[in-house]
Structures are given as structure tokens and as C-alpha cells.
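# Fold and contact review
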Amino acid sequence: MSDPELKKADGCDIFFSLIIVIVLLAGFFIFQAMSEPEEPRDADYYSAQERIKKIASHKGIDSEYNSQIDSFHLENNSSMEKIMTNVINQYKGK
């Protein structure tokens, strides 16, 4: 049958478990903050410089490509207005 004694949940177990989790999390973040170097490593600096160089070279290639496209359209005297006018004239002719 049922036990006549009332069983209550013990709040101390939950409280101590919560304190242990908080202490472990705090310890993890403190350890992580202490283990990181204050200054970036040389490898990080060099890789950042290489990225900057690659970005600059790609920007140069991109601007060169855009200038080639612009010069092609200037040489052929092609503009959106002219092309659209040709298309309209083709449809009017039909």
C-alpha cells in the first residue's frame, strides 16, 4: 500500500547541482580567457596580410575586367538605348 510518510523533493540537490554547473562554466570561460594570447600570433598576422594582398589583386583584376567591358561597348557604340531602339524597330517591322 501507500507509504504514510509524505515524500518531498529535496531542493538542496538541485541547488548544489546548479552551483556546480555555474562554477564549471565560469571556470571554463576564465581558463579560455587566460589561455588566449594578448597579441596575435605571427601566423595570424601573416595570413591576414596574405588575405589583404589577395583581395587587392582580385579588386585589380575586377576593375581591369570592367574597364575592358566598358571599352568594348564604347568601341562598338553599344548602349542600352541603341539596343532597345533596335529591338523596337525589329518588332515594328514585323
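Quick look at the overall build of the protein chain now. A tally of regular secondary structure across the protein chain gives three helices and zero strands. Going from the N terminus to the C terminus, the protein chain shows its helices and strands as α-α-α.

Working definition: two side chains of opposite charge can pair if their charged atoms are close together. In total, this model carries one salt bridge according to the counting rule given. Among the salt bridges present, the one from Lys53 reaches Glu50, with a minimum N-O distance of 4.0 Å. Of the two residues, Lys53 and Glu50 both sit in helix α2 (residues 42–75), three residues apart, roughly one turn of that helix. You can call Glu50 partly exposed: its relative accessible area is 41%.

Bringing a nonpolar patch on the surface into the picture now. There is a patch of nonpolar side chains on the surface, built from Phe15, Phe16, Ile19 and Val23 and spanning about 400 Å² of accessible area. Checked against the element boundaries, Phe15 lands in helix α1 (residues 11–35).

What follows deals with the confidence of the model for the protein chain. For the protein chain, the average pLDDT comes to 82, and 84% of its residues sit at 70 or higher. In the model of the protein chain, helix α3 (residues 80–93) stands out as the element of lowest mean pLDDT, 82, in contrast to α1, which has the highest, 89.

Criteria and thresholds
Residues numbered from 1 in each chain as written. Predicted model: local features only at pLDDT ≥ 70, side-chain atom pairs only at ≥ 80, totals over all residues. Heavy atoms only, no water. Helix = DSSP H or I, 4+ residues; strand = E, 2+ residues; numbered from the N terminus. Salt bridge = Lys/Arg side-chain N within 4 Å of Asp/Glu carboxyl O. Buried < 20%, exposed > 50% of the residue type's maximum accessible area, 1.4 Å probe, protein only. Patch = residues over 30% accessible without salt bridge, like charges linked within 9 Å, V, L, I, M, F, W, Y side chains within 5 Å. Areas by Shrake-Rupley, 256 points an atom, 1.4 Å probe, with all protein chains shown as cover. pLDDT = per-residue confidence, 0-100.

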